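So the chains spell out like this:
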Amino acid sequence: MPLSLPDLAYAKDALEPHIDATTMEIHHGKHHAAYVSKANDALKGTPLEGETDPWIVCKKMGDLPADKQTAVRNNAGGAANHALFWSVMGPDKGGAPSGSLAGAIDKAFGSFDAFKEQFATAAATRFGSGWAWLYADPSGKLAIGSTANQDNPAMGKQVAGIEGTALLGLDVWEHAYYLKYQNKRPDYVNAFWNVVNWDAVASNAKAAGAL
Ligand code: MN3
């Protein structure tokens, strides 16, 4: 079984009015699907052909032949990043994290509000297309960063500029928000807080050893 397009855990209109149904339809059904299919094409004949976890492909990308790396970086990156993105959102979510995740965010960033401000700055200042992240660095400490294109922290510092395990990702490519928000990326970032599934983020943080 190669990489596959994960089903959404909610309906395409479930994140309305914050993320509109048409954007979800195109973003999941066309953009994400294309990353998965192109990643599988690029992995054909390599030692990672048949790998089902796109994060493992991102981590092991450096072992692949040089002529495969750009296609794998862009498309396995896209496959992994979008799978995480859908999973850290949901209807009737938002609010603030609780329990050990809330404590870890306070400890790392000062307060939840300070965290949101730093994350929003990372999202707003990523020039062009890319992602903003809450991630666990290799020592298990929470950190905020951004990456270009479909890079992510699993690809490592030399490739992505930051290194660790992605816990929460926000897609800031125009295809993620242009239909509803046009050029107003900060409005889209503000709306994102209404759909964040903090239980999913906490579970990612636990799995990464950050809590
Ligand atoms: Mn996208």
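Just above, that's the structure.
In short, a report on the structure.

Reading guide: rules and limits
The written sequence of each chain sets the order in which its residues are numbered from 1. Per-residue local features are limited, in this predicted model, to residues with pLDDT of at least 70; the limit for side-chain atom pairs, both in listing and counting, is 80 or more; totals at the level of whole chains, interfaces and linings are taken over all residues. Calculation of side-chain values draws on the structure's entire complement of heavy atoms; hydrogens and water are dropped beforehand. By definition here, a salt bridge exists when the distance from a side-chain nitrogen of Lys or Arg to a carboxyl oxygen of Asp or Glu is within 4 Å. Secondary structure elements follow DSSP: runs of H or I no shorter than four residues count as helices, runs of E no shorter than two count as strands, and numbering proceeds from the N terminus. The buried label goes to any residue with under 20% of its type's maximum accessible area, the exposed label to any with over 50%, and the partly exposed label to all in between, with areas taken from a 1.4 Å probe on protein chains only. Each metal's donors are the N, O and S atoms within 2.8 Å of it, or within 3.2 Å when it is Na, K or Ca, and because water is not part of the set, sites may look incomplete.

**Comments concerning the pattern of salt bridges**
Reasoning step 1: One pass over the structure, following the stated rule, counts 2 salt bridges.
Reasoning step 2: Of the charged contacts in the structure, one is a salt bridge between R73 and D151, with a shortest N-O distance of 2.8 Å. Within this pair, whereas R73 is found in helix α3 (residues 66-87), its partner D151 is found in the loop between β2 (142-148) and α6 (157-160), the two being separated by 78 residues in sequence.
Reasoning step 3: Taking relative accessible area as the criterion, D151 reaches 5% and is therefore assigned buried.

**Description of the coordination of the manganese ion**
Reasoning step 1: Ligation of the manganese ion by protein atoms is provided by H27 (NE2), H82 (NE2), D171 (OD) and H175 (NE2), these donors lying 1.9 to 2.1 Å from the ion.
Reasoning step 2: Along the chain, the residues donating to the manganese ion are arranged with the sequence spacing H-x54-H-x88-D-x3-H. One end of the pair, H27, is in helix α1 (residues 21-43); the other, H82, is in helix α3, and 55 residues separate them in sequence.
Reasoning step 3: Of the residues examined, H27 reaches a relative accessible area of 2% and is grouped as buried.
Reasoning step 4: Since its relative accessible area comes to 0%, H82 is described here as buried.

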